[in-house]
Amino acid sequence: MIKSKFYLSFFSFLTILCVFLISLFFIPYYIYGDQVHYQRVYDGVSYFNLFDAYNFYKANIDSKEPVYFLLSWVSSTLGIDKVYFIAFFNVLLSFFAYKYFTKIGGHPFVVFLIVTFGYYSYVLFFSAERLKFGFLFLLIGLLYSKRRYIYYVLSVLSHAQMIGLLSSFVVFRFKDDVLNILRNNRVSKNTLFLLMSGTIVSVLVFFIMRDHLLSKINSYFELRGVFELIKLGAFFILSYFYAKDKSNAVALFVPLFFLVLIFGGERINFLGYFVFLYFALQYKKGFNLGNLFVSSYFFYTGAIFLWKIFKYGNGFYSV
């Protein structure tokens, strides 16, 4: 027991330290791509009051999600350099990711490698800044059930894409209830209350962000989304194989298969990978062939991503 606690603490510290150092080194090199707009916004919002700063934010980034804006405005107004602002939240994200993945059964060493050296980790650390906060609040909600719905709302208000993953959680949560309704034509008061509450919150979020959501759907609706189903399908097959309850894998992936046709594969495959880790890390603590194969691929692409940042100033640069 003492040995396992030592491993847990040691790799937690190592994860935080490595992510912090990697962030401090590479963030100054990432100056092109989306970072042009993010840097302009971060430098500019401090010159305005809150209302005008939000208009400036919307004009420079095609986004209405308020969480990233508010955090950036506060940090920039306080005179904190963007490098340290992003590095701090990278550390927070890595800490909660490590805590969550070890909590569900992942071995500390395996989780350390995935969080610190994975391709999708680097995308969140250096490129997808709003999505970073979406995952951060999602992980906090998953870890602390007392106020989880508040964190889920903050997650969506950080990035609208998080609705996709939360929709999978809803299907997962009510899977047994739906089956019970179909079999017995009965629904519990608790289930009815949660469904009504979820519907009301969803309608409110959509009403507030409807223009932004509709523009995203229109921009990502492409025929190539059909091809992207193959990538998501690979995550599903592996998840189905490792899941103790196969219906859980089906419930979590069904909404993602639908959303990949609307929002595009790259964005939803990101969510599919997160769901895959949920199942893969519970099977033999992550020491399995599926996780080894997928992680090895993402370690390789992650290294290339960092090399492009260093050489070209953009992790997505096409050589």
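Residues numbered from 1 in each chain as written. Predicted model: local features only at pLDDT ≥ 70, side-chain atom pairs only at ≥ 80, totals over all residues. Heavy atoms only, no water.

Caption draft 1: Region of the structure containing helix α4 (residues 66-77). With 12 residues, α4 extends 16 Å from end C-alpha to end C-alpha; this agrees with the ideal 16 Å at 1.5 Å per step. Burial in α4 covers these residues: Val67, Tyr68, Phe69, Ser72, Ser75 and Ser76. Looking at the buried positions of α4, the neighbouring elements they touch are α2 (35-44), α3 (50-60), α5 (82-103), α8 (129-143) and α9 (148-158). One or two residues past the end of α4 sits Gly79, with phi positive at roughly 85°. (Helix = DSSP H or I, 4+ residues; strand = E, 2+ residues; numbered from the N terminus. Expected span 1.5 Å × (residues − 1). Buried < 20%, exposed > 50% of the residue type's maximum accessible area, 1.4 Å probe, protein only. Contact = heavy atoms within 4.5 Å.)

Caption draft 2: The packing of aromatic side chains, seen in detail. The final tally for this structure, using the stated rule, is 58 aromatic pairs. Centroid distance Phe26 to Phe126: 6.2 Å. Interplanar angle 65°. Geometry classified as edge-to-face. Taken together, the residues Phe26 in helix α1 (residues 2-26) and Phe126 in helix α7 (residues 119-126) connect sequence positions 100 residues apart. Using a relative accessible area of 13% as the deciding quantity, one classes Phe26 as buried. For Phe126, a relative accessible area of 3% gives the class buried. Ring geometry for Tyr38 and Tyr68: centres 5.5 Å apart, planes at 80°, overall edge-to-face. One end of the pair, Tyr38, is in helix α2; the other, Tyr68, is in helix α4, and 30 residues separate them in sequence. (Phe/Tyr/Trp six-rings, centres within 6.5 Å; stacked < 30°, edge-to-face > 60°.)

Caption draft 3: Seen up close, unusual backbone geometry. In this structure, Lys284 takes a positive phi of about 55° despite not being glycine. In this model, Lys285 sits at a positive phi of 60°, which is unusual for a non-glycine residue. Mapping Lys285 onto the fold places it in the loop between α15 (265-280) and α16 (289-312).

Caption draft 4: Region of interest: α2. Of all the residues in α2, the buried ones are Gln35, Tyr38, Val41, Tyr42 and Gly44. On the buried face of α2, the contacting elements are α3, α4, α5, α7 and α8.

Caption draft 5: Highlighting the packing of α5 against helix α6 (residues 108-117). The interhelical angle for the contact between α5 and α6, taken along N-to-C directions, is 145°, at an axis separation of 10 Å. Between α5 and α6 lies a crossing whose hand is right-handed. On the side of α5, the interface is formed by Ser94, Ala97, Tyr98, Phe101 and Thr102, while α6 contributes Pro108, Val111, Phe112 and Val115. Here the contact of α5 with α6 is built from residues that sort into 7 nonpolar, 2 polar and no charged. (Axes fitted to C-alpha atoms, helices over the stretch in contact; angles between N-to-C directions. Left-handed = near helix turned anticlockwise from the far one by under 90°. Nonpolar A, V, L, I, M, F, W, Y, C, P; charged D, E, K, R; others polar.)

Caption draft 6: Here's a closer look at the environment of Leu292. Tracing the sequence through the fold places Leu292 in helix α16. Assessed through its relative accessible area of 52%, Leu292 is described here as exposed. A sequence separation of 182 residues divides Leu292 from Val110, and the C-alpha atoms of the two residues are 9.5 Å apart.

In short, shape yes, function no, at least from these values alone.
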